[in-house]
Amino acid sequence: MKTLNNGHSLENLVRRNVRELAPYSSARQEYTGEASLWLDANENPYGGGVNRYPDPLQKELREELAQLRGVAPESILLGNGSDEILDLLFRAFCRPGTDRVLYFTPTYGMYRVIAGINDVEAVAVPSGAGFQPDLSAAASLLGDSSLKLTLLCSPNNPTGNCISRPLLDEILCTAAGLVVLDEAYIDFAPGASMLPELARYPNLVVVQTFSKGWGLAGARLGVAYASPAIVGILNRIRFPYNINTLTQNLVREKLRNSGEVFARVEQLIEERRVLVRSLEQLPQVLQVYPSDANFLLVRFDCPGRAYQYLLEQGIVVRNVSGAVAGCLRITVGTPAENRLLVAAVAGL
Ligand SMILES: *Cc1c(COP(=O)(O)O)cnc(C)c1O
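Residues numbered from 1 in each chain as written. Predicted model: local features only at pLDDT ≥ 70, side-chain atom pairs only at ≥ 80, totals over all residues. Heavy atoms only, no water.

### Some thoughts on the environment of Val 14
Stated formally: Helix and strand assignments follow DSSP, with helices taken as H or I runs no shorter than four residues and strands as E runs no shorter than two, numbered in order from the N terminus. Only heavy atoms enter the contact rule, under which two residues are in contact if any of them lie within 4.5 Å.
Along the chain, the position of Val 14 falls in the loop between α1 (10-13) and α2 (16-20). On a C-alpha basis, the gap between Val 14 and Gly 215 in space is 34 Å, while along the polypeptide they are 201 residues apart. Contact partners of Val 14, with chain neighbours within four places excluded, come to Arg 19, Ala 92, Phe 93 and Ile 233.

Spelled out as structure tokens, the structure:
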């Protein structure tokens, strides 16, 4: 029986149907030799490289990613975007109509949606000062055994800030169930990842994605880093061919050229700095919040009017004023795109 650092046992956290499930197994998963004829999966023998099913274990990709991130391949689970990973976590650990999850608002809208799809009660606690989790407001739920997942997002979407390290440690030490830390924007916040703390916190699941810093949103690849025990549980319910061959090959290629990716990220961080300065100089802009991500949270007098005006100029930003009063969320683009944005805001 595996005991987590918060005193709960992983076996007890998992839904019974998942614990007792006999996972689907393909002949190919069971065969480890070097075959000369593949007649097991009813594939078409003709075709240009994608006539075969993808590697269900994503062996090479996970090994290469493990190398880059300095973790064991057994600590990696890949998903069709991080959204699939979040959904797997709900399906593995949250009993519909019974269990609960916690998150702090404003945050990523998909947490609420995925909870709804899975018929799991989502408790949304408003963040405190500086958009930091308000632990006193969540105190009664944090220790409750109905709490299965605490969803944290750092850097947070749409506010752009990182969660402070002491708060992260406190949540990891006090929350019942698992703590899921969504690090979708971590490439833009060097040094802030909790990945190095995995061994210290067996209740921690770090979720990252290739959609933002790696520039592969269209390829759909999310990553969960967690203990091999947690990864093993998620693997029981993951569809075997969830990562297609084209994506596996494309991402392996990208990993081999990670230097270029990191250079681009540096460039975007510099562009973010330039864009902050340009926007701050405009009287139309009331406030630009500090950002550790590749977007800015910008406050206007009348965000609805600013949003419509930008749309009329052909510029689409995100109106998040329903979540953060007065604010639009603006992605950092190329230097030319950012100049067009600033010129448009100046004409407001
Ligand atoms: C963009 C984003 C993701 C990425 O989702 P994918 O399904 O991997 O594209 C995850 N979490 C947050 C908070 C995001 O903003």
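### Focus on the side chain of Glu 271
Stated precisely, the cut-off is as follows: Throughout this description, buried means an accessible area under 20% of the type-specific maximum (1.4 Å probe, protein chains only), exposed means over 50%, and partly exposed covers the range between. His residues and chain termini do not enter the charge count, which takes Lys and Arg as positive and Asp and Glu as negative. Salt bridge criterion: a side-chain nitrogen from Lys or Arg within 4 Å of a carboxyl oxygen from Asp or Glu.
Its place among the elements puts Glu 271 in helix α11 (residues 258-280). Lacking a salt bridge, the buried Glu 271 has Arg 339 as its closest oppositely charged neighbour, with an N-O distance of 6.4 Å. Non-local contacts of Glu 271, meaning those with residues more than four positions away in its chain, are made with Val 332, Gly 333, Pro 335 and Asn 338.

### Considerations on the site of the ligand
What counts here: A single heavy atom is enough: if one lies within 4 Å of a molecule or strand, its residue is considered near that molecule or strand. Nitrogen and oxygen atoms within 3.5 Å of one another constitute a polar contact, given that in protein one can donate a hydrogen and the other can accept it, and given that sequence-neighbouring residues count only through two side-chain atoms. Here, Shrake-Rupley sampling with a 1.4 Å probe gives the accessible areas, and only protein chains in the shown set may cover a residue. Asp, Glu, Lys and Arg are counted as charged, while Ala, Val, Leu, Ile, Met, Phe, Trp, Tyr, Cys and Pro are counted as nonpolar; the rest, among them Gly, fall into the polar class.
With respect to spatial proximity, 13 residues lie near the ligand, and among them Ser 82, Tyr 185, Thr 209, Lys 212 and Arg 220 are the closest. One nitrogen or oxygen atom from the side chain of Asp 182 is found 2.7 Å from a nitrogen atom belonging to the ligand. In this structure, an oxygen atom belonging to the ligand sits 3.3 Å away from a side-chain N or O atom of Lys 212. Look at the ligand: alone it shows 390 Å² of surface, and the protein chains cover 94% of it. Of the residues contributing to the shell around the ligand, the split by class is 4 nonpolar, 5 polar and 4 charged.

### Comments concerning the sheet that holds strand β10 (residues 318-319)
Test applied: Any two strands with at least two DSSP-identified bridges between them are counted as paired. Between the N-to-C directions of two axes lies an angle of 0 to 180 degrees, each axis being a line fitted to C-alpha atoms and, for a helix, fitted only over the stretch in contact.
Ordered by their spatial adjacency, 4 strands build an open sheet running β8-β9-β11-β10, and the pairing between neighbours is antiparallel. Only two strands of the sheet have a single neighbouring strand rather than two, namely β8 (285-288) and β10. Relative to strand β11 (residues 327-331), strand β9 (residues 295-300) is paired through 5 bridges, and the arrangement is antiparallel. Bridge pairing in β11 places Val 298 opposite Leu 328. Sheet strands touched by α11: β8 and β9. Its angle to β9, the strand with the most contacts, is close to 10 degrees.

### Brief notes about the nonpolar core
Basically, it comes down to this: Side-chain atoms within 4.5 Å are what join buried Ala, Val, Leu, Ile, Met, Phe, Trp, Tyr and Cys residues into a set we call a nonpolar core.
Membership of the largest hydrophobic core comes to 42 residues, with the highest contact counts inside it found for Phe 210 and Tyr 225. Other than its neighbours up to four places away in sequence, Tyr 225 contacts Leu 65, Arg 69, Val 71, Ser 75, Ile 76, Leu 195, Leu 198, Leu 204, Val 205, Val 206 and Gln 208. Core analysis: the second largest hydrophobic core is formed by 34 residues, Leu 4, Leu 149, Ala 226 and Leu 234 among them.

### Points about the sheet that holds strand β3 (residues 121-126)
Strands sit in the order β1-β7-β6-β5-β4-β2-β3 across an open sheet of 7 strands; the sheet is mixed. A single partner strand is all that each edge strand has here, and the edge strands are β1 (76-79) and β3. Between one strand and the next, the sheet's axes are offset by a mean angle of 25 degrees, whatever the strand orientation. As paired elements, β1 and strand β7 (residues 222-225) share 4 bridges and run antiparallel to each other. What sits directly across from Leu 77, in β7, is Ala 224. Packing of helix α4 (residues 59-69) onto the sheet brings it into contact with β1, β6 (204-209) and β7, and relative to β1 it is tilted by some 120 degrees. On top of the sheet, helix α7 (residues 135-142) reaches β2 (100-105), β3 and β4 (147-153); it is set at about 175 degrees to β2, its chief contact.

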